[in-house]
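# A closer look at the structure
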Amino acid sequence: MVTGVVFAVNGRITLGEFMAFISYNASLTWPVRSLGRIISDMSKAGVSMERVAYILEAEEEDAAVKCEAKSTDRNENAENIVKKKKAGQSEATLDYKIPARTAERTSEDSENKGCGEKQTLGHIIGMKPAMDGDICFRDVSFSYSPDHPVLKNINFTIPSGSTFAILGTTGSGKSTLVHLLNRLYDLPEDCGSITIGGTDIRDIDRQYLRQNIGMVLQEPFLFSRTIRENIGITKEKLLDEEIRHAAEIACVDESILHFADGYDTIVGERGVTLSGGQKQRVAIARMLMKEAPILVFDDSLSAVDTETDNKIRKELKKEMEKATVIMISHRITSLMQADCIIVMDKGVIQQMGTHEELIHQEGPYKDIYEIQMNSDIRLMEGGAACE
Ligand SMILES: Nc1ncnc2c1ncn2[C@@H]1O[C@H](COP(=O)(O)OP(=O)(O)OP(=O)(O)O)[C@@H](O)[C@H]1O
């Protein structure tokens, strides 16, 4: 530009040429500068497109009535159910004999997952039975890949309305148990059975089953919406009192009210970043809104301090008296009041009993209990020394 001014003053170029040069220069500078940004945006868009494509191309879960029954028996049952449905009788009361399962799995996914042998699929009819019965795992074995068994011959019964706790080493298969329960993975035919109130879950409508199982994971997913919307996402109509009540039980109401926008605070990148413990508690409040008869806490209080953990569990017990609760935790204080505790290692149940029974038995439960108690005492002593 300086050179151009000098040239124009000296008369080597005309003023018009100088102005034309300046405007061409300006027109070129911005596109060249933006080129770097465009290239970086394009690579980001490429990654996002891959993610979107992954979701769009994901194989849809089998619809409940997708497989054709092969046996006459099964077809008869199906017809009976349709007839009775038409007559207005609820599925829960249908006289339904579960037939032998013969339909073979076809999806790539099902070929890769199982207990090692050829699998067959049996969820022919999406039943909607009462979901407040006992939960039974019978001879359950499962693997994600043929050469790596994750669960080996698991047997237990969770009586309706009781609290069942699972403790175990990392990778021992605790989460897999609950993933099988809500049919995130279907248990292959020859790998045992899981029943709720006597009905094999493979015969239960998948969506219905999941509606009746409230699940909170260790790292819950919150949407980039308001806290109110995140808690009430399962409800069509958001009632403030209900949302606040759920948040109070999950001991997160006070934290939410500290935010400038309270329940209207946006969560995530566009708003407030919640701590791990706050996220877990919002997820618990969200699960409570579902009013499901079966509640699963998969290490979902791990980021909450012991005192708040105790408070939440007491509130939950009061509120969800009739619910069947399954708790997975590494913290013995979180699960010591359960009606039954199992200790897992490498896909097998090592110990089973109440807290009182297990602390008087030689085994991993007693060892973990002593280690955790001693470290709690040391922490308390350290705290007292600091004061
Ligand atoms: N989707 C999956 N595909 C393949 N393998 C998996 C999958 N999910 C879990 N696994 C494997 O199965 C085993 C059991 O995993 P699982 O998550 O059930 O253990 P966990 O006891 O819940 O562990 P943690 O206490 O660390 O949460 C692990 O070896 C894990 O690597």
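Residues numbered from 1 in each chain as written. Predicted model: local features only at pLDDT ≥ 70, side-chain atom pairs only at ≥ 80, totals over all residues.

## Re the overall build of the protein chain
Note the cut-off: Each helix is a run of DSSP H or I of at least 4 residues and each strand a run of E of at least 2, with the numbering of both proceeding from the N terminus. Exposed residues have 12 or fewer other C-beta atoms within 10 Å of their own C-beta, buried residues have 20 or more, and partly exposed residues fall in between, where C-beta atoms are placed from the backbone. Contact between residues is assigned whenever the C-beta positions, reconstructed from backbone atoms, fall within 7 Å.
Scanning the protein chain for helices and strands turns up 14 helices and ten strands. By residue count, 32% of the 387 residues in the protein chain fall in the buried class. Residue pairs in contact within the protein chain that sit at least 24 positions apart in sequence constitute 68% of those at least 6 positions apart.

## Quick word on the sheet that holds strand 8 (residues 324-328)
Rules: Strand pairing follows a simple DSSP-based rule, namely that at least 2 bridges must link the two strands. In this analysis, axes come from line fits to C-alpha atoms, helices being fitted only over the stretch in contact, and the angle between any two N-to-C directions falls in the range 0 to 180 degrees.
Sheet architecture is open: six strands sit in the order 6-7-8-3-9-10, paired in mixed fashion. Looking at strand neighbours, the two that pair on one side only are strand 6 (213-216) and strand 10 (348-353), the edges of this open sheet. Neighbouring strand axes in the sheet, compared pairwise and without regard to direction, differ in orientation by 15° on average. Summarising the sheet, strand 7 (residues 294-298) and strand 8 pair through five bridges and their orientation is parallel. Bridged to Phe297 within strand 8 is Met327.

## Section: the packing of helix 8 (residues 240-249) against helix 10 (residues 276-289)
Let me state the cut-off plainly: Should an angle fall under 35 degrees it is taken as roughly parallel, and over 145 as roughly antiparallel, whereas 65 to 115 is taken as roughly perpendicular and any remaining angle as oblique. For any helix crossing, the convention is left-handed if the near helix is rotated counterclockwise from the far helix by under a right angle, and right-handed if that rotation is clockwise. Charged means Asp, Glu, Lys or Arg here, nonpolar means Ala, Val, Leu, Ile, Met, Phe, Trp, Tyr, Cys or Pro, and polar covers whatever is left, Gly included.
One way to put it is that helix 8 packs onto helix 10 with a least axis distance of 8 Å and a crossing angle of 125°. It follows from the interaxial angle that helix 8 and helix 10 lie oblique. Seen along the crossing, helix 8 lies across helix 10 with a hand that is right-handed. Where helix 8 abuts helix 10, its residues Glu242, Ala246, Ala247 and Ile249 lie against Ala285, Leu288 and Met289. Residue classes in the contact of helix 8 with helix 10 are distributed as six nonpolar, no polar and one charged.

## Some details on the domain arrangement of the protein chain
Stated precisely, the cut-off is as follows: Residue ranges for the domains originate in an automatic or database domain assignment.
Under the domain assignment, the protein chain is made up of domain 1 (1-30), domain 2 (66-203 + 314-387) and domain 3 (213-291). Taken over C-alpha atoms, the centre of domain 1 sits 61 Å from the centre of domain 3.

## Notes on the sheet that holds strand 1 (residues 135-145)
Taken in spatial order, the four strands of this open sheet run 2-1-4-5, and their pairing is antiparallel. The outermost strands of the open sheet, each flanked by one partner alone, are strand 2 (148-158) and strand 5 (199-200). As defined by bridge partners, strand 1 adjoins strand 2 across seven bridges and the pair is classed as antiparallel. Within strand 2, the position partnered with Cys136 by the bridge is Thr157.

## Examining the UniProt feature "domain: ABC transmembrane type-1" (unreviewed entry) in the protein chain
In plain terms, the rule: UniProt positions are given in the numbering used here, feature names are shortened, and annotations may be inferred rather than shown by experiment.
In the numbering used here, UniProt assigns the "domain: ABC transmembrane type-1" (unreviewed entry) feature to residues 1-44. Taken end to end, residues 1-44 comprises 89% helix and 0% strand; its first and last C-alpha atoms sit 36 Å apart.

## Quick look at unusual backbone geometry
Even without being a glycine, Asn153 presents a positive backbone phi close to 50°. Along the chain, the position of Asn153 falls in strand 2. At Arg183, a residue that is not glycine, the phi angle is positive and equals roughly 55°. Mapped onto the elements, Arg183 comes out in the loop between helix 5 (174-181) and strand 4 (193-196). Classification of Arg183 by C-beta neighbours within 10 Å gives buried; the count is 21.

## Quick notes on the environment of Phe156
Within the secondary structure layout, Phe156 lies in strand 2. Setting aside chain neighbours within four positions, we find Phe156 in contact with Phe137, Ile342, Ile349 and Met352.

## So, the site of the ligand
Our working rule: Placing the C-beta atom from the backbone, one calls a residue near a molecule or strand if that atom lies within 6 Å of it.
Taken together, Tyr144, Val150, Gly168, Thr170, Gly171, Ser172, Gly173, Lys174, Ser175 and Thr176 make up all the residues around the ligand. For the shell around the ligand, the element with the most residues is helix 5, which contributes three residues. When its residues are assigned to classes, the shell around the ligand shows two nonpolar, seven polar and one charged.

## Considerations on the nonpolar core
As a reminder, the rule being used: Joined through C-beta atoms within 7 Å, a set of buried Ala, Val, Leu, Ile, Met, Phe, Trp, Tyr and Cys residues constitutes a nonpolar core.
In this structure, Val140, Ala246, Ala250, Ala285 and Leu295 are the most contacted members of the largest nonpolar core, which totals 71 residues. Of all the elements, helix 10 adds the most residues to this core, at seven residues. Counting contributing residues per domain, this core is built from domain 2 (66-203 + 314-387) and domain 3 (213-291), each supplying no fewer than three. In this structure, Ala285 is in contact with Ile231, Ala246, Ala247, Ala250 and Val252, ignoring residues within four places of it in sequence.

## Details of helix 5
To keep things clear, this is the line we draw: Throughout, the arc means the angular range of directions from the helix axis out to the C-beta atoms.
Those residues of helix 5 that sit buried are Lys174, Thr176, Leu177, Leu180 and Leu181. Relative to the axis of helix 5, the buried residues are bounded by an arc of 165° and lie together on one face. One or two positions beyond helix 5, positive phi appears at Arg183, with a value near 55°.

## Side note on the environment of Gly161
Within the secondary structure layout, Gly161 lies in the loop between strand 2 and strand 3 (163-168). Here Gly161 is in contact with Lys322 and Thr324, once residues within four sequence places are set aside.

## Looking at helix 2 (residues 15-57)
Where we set the bar: What a helix should span is 1.5 Å times the count of its residues minus one. Across the chain, bend at a residue is computed as the angle between axes fitted to the seven residues ending at that point and the seven starting from it.
Taking 1.5 Å as the rise per residue, helix 2 with 43 residues should run 63 Å; its terminal C-alpha atoms sit 61 Å apart, in good agreement. Along its length, helix 2 shows its largest kink, about 30°, at Leu35. Along helix 2, only zero of the 43 residues are buried, which leaves the element largely exposed.

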